[in-house]
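# Observations on the model geometry
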Amino acid sequence: MSAGAAVVDLRRYACPLTWVKTRIALERVGEGDRIEVWLAAGEAVESVPRSAAHDGHRVLGVEPLREDPAGFRVLIEKGAPAPGELA
Amino acid sequence: MSRGPAPLDDARLARWARQLLVPGFGEAAQQRVAAVTVRAVGADAVASPALVYLVQAGVGRLWIDDPETVSPADAGGWLYPPAAVGTPRADAASAALARLSSYVEVAPYPMGGVPSATLVAAPSAAQALHAAEAARRAGIPHVVLEADADGGALVSVPPGAPCYACARSTGAGRPAVPGAAALAALAAQELLLLVASPGTVPGRRFDLVRGVATARPTARLAGCACGAAREPAPGAPPG
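Because the structure is a prediction, the values reported are computed rather than measured.

### Considerations on the overall build of chain A
Within chain A, the secondary structure is distributed over two helices and four strands. Relative to its full complement of 87 residues, chain A shows a buried share of 29%. Long-range contacts, defined here as pairs at least 24 residues apart, represent 63% of the contacts in chain A between residues at least 6 apart.

Written as structure tokens, this is what we have:
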């Protein structure tokens, strides 16, 4: 989906840890960098992209995972930090 | 070469997942909270919700500094069962709080121990002033509660801000209502903010009246000793 994006495999986690770990992964990269989040099919495939967009990041795509028919990959580009964000 | 704190493991992420989702809070802030040692001066029924809050939020270590025993009024609060009446508050609070989280070390205050933040919920104005002044001299963030019925005030003092004596209430409040938790929770939240986001929160005072909190910045009283280190003496060479 995107060469060079760090892969965060969260297929074994459930909400809210899926978004907590996605947020932490986004904290660790710079603005404009991309991460590829792997999620198990289900509620997280909708909630993680929605939460990422809500926090000001760009969701570049959501698609089935080639490596796992029960999984999805979400490509996210880190946006600018929100005002008041604790470094 | 210094290394940062270890990433939070899955168990800790799961424990604190809800607050890690709070906008503006994140792993680094949680790690700063987990690294702090808080001295809690006073552990009566008014203070107990704040102590519960600090433990649940994941401070690293909580020292209970209270020389009194559990009173019947304390048993109306959050921490102490009726059976604890008459036992030392520091021991009873430590035991009750330690049961709430395996990630927090709770113990009676070790004489001479050096905390990195202080929560003051002392039973008298003199004790509150003394504890706050010790924290100011140590250069650590501290928050002081002044309970008044089911509300009251709190003064938040990050390092270098106007001291508690500059911003405290001068009148006597009404007796605190055991079990009222809003002021104590607000105080714990404020202390966590000082720890999680050092240097970004100004000295301020909250007044909580009928459930409504209002905040205003604190101002240094003319001539107060807390400004001595920050204001050059007349005629002194520029630093």
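### Focus on the interface of chain B and chain A
For an interface, size is often stated in terms of accessible area lost upon the parts coming together. In this complex, chain B contributes 14 residues to the contact, which on the side of chain A involves 13 residues. Among the elements that take part in the side of chain B that touches chain A, helix α3 (residues 27-34) of chain B stands out by supplying three residues, more than any other. Tallied by class, the residues present in the side of chain B that touches chain A amount to ten nonpolar, three polar and one charged.

### Focus on the sheet that holds strand β7 (residues 204-209) of chain B
The strands making up a sheet associate through hydrogen bonds between their backbones, and the pairing can be parallel or antiparallel. Residue and element names in this part refer to chain B. Reading across from one edge, β3-β2-β1-β4-β5-β6-β7-β8 is the order of the eight strands in this open sheet, with mixed pairing throughout. With one partner strand each, in any of the chains shown, β3 (105-108) and β8 (212-217) form the two edges of the open sheet. Between one strand axis and the next, the sheet turns by 15° as a mean value, whatever way the strands run. Taken together, the four bridges between strand β1 (residues 37-41) and strand β4 (residues 117-120) define a ladder with parallel strand orientation.

### Let's talk about the sheet that holds strand β1 (residues 6-9) of chain A
All names here are of chain A. Read from one edge to the other, the open sheet built from four strands follows the order β1-β2-β4-β3, with strand pairing classed as mixed. Both edges of this open sheet fall to β1 and β3 (58-65), since each of them pairs with a single strand only. Averaged over neighbouring strand pairs, the angle between their axes works out to 20° when direction is ignored. The pairing of β1 with strand β2 (residues 34-40) spans four bridges and is parallel. Following the sheet pairing, Asp9 is matched in β2 by Trp38.

### What to know about the environment of Val55(B)
Residue and element names in this part refer to chain B. Assignment of secondary structure puts Val55 in helix α4 (residues 48-57). Exposure remark for Val55: the 22 C-beta atoms within 10 Å place this residue in the buried category. Residues within four places of Val55 in sequence aside, it is in contact with Leu62, Leu97, Leu100, Ser101, Val104 and Val106.

### Some remarks on the pairing of β3(A)
All names here are of chain A. Note: β3 against strand β4 (residues 68-77), seven bridges, orientation antiparallel. When the sheet's bridge partners are listed, Gly61 is paired in β4 with Leu75. Between β3 and β4, which pair antiparallel one after the other, the connecting turn spans two residues.

Reading guide: rules and limits
Residues numbered from 1 in each chain as written. Chains lettered and ligands numbered in written order. Predicted model: local features only at pLDDT ≥ 70, side-chain atom pairs only at ≥ 80, totals over all residues. Helix = DSSP H or I, 4+ residues; strand = E, 2+ residues; numbered from the N terminus. Buried ≥ 20, exposed ≤ 12 C-beta atoms within 10 Å, placed from the backbone. Contact = placed C-beta atoms within 7 Å. Nonpolar A, V, L, I, M, F, W, Y, C, P; charged D, E, K, R; others polar. Pairing = 2+ DSSP bridges. Axes fitted to C-alpha atoms, helices over the stretch in contact; angles between N-to-C directions.

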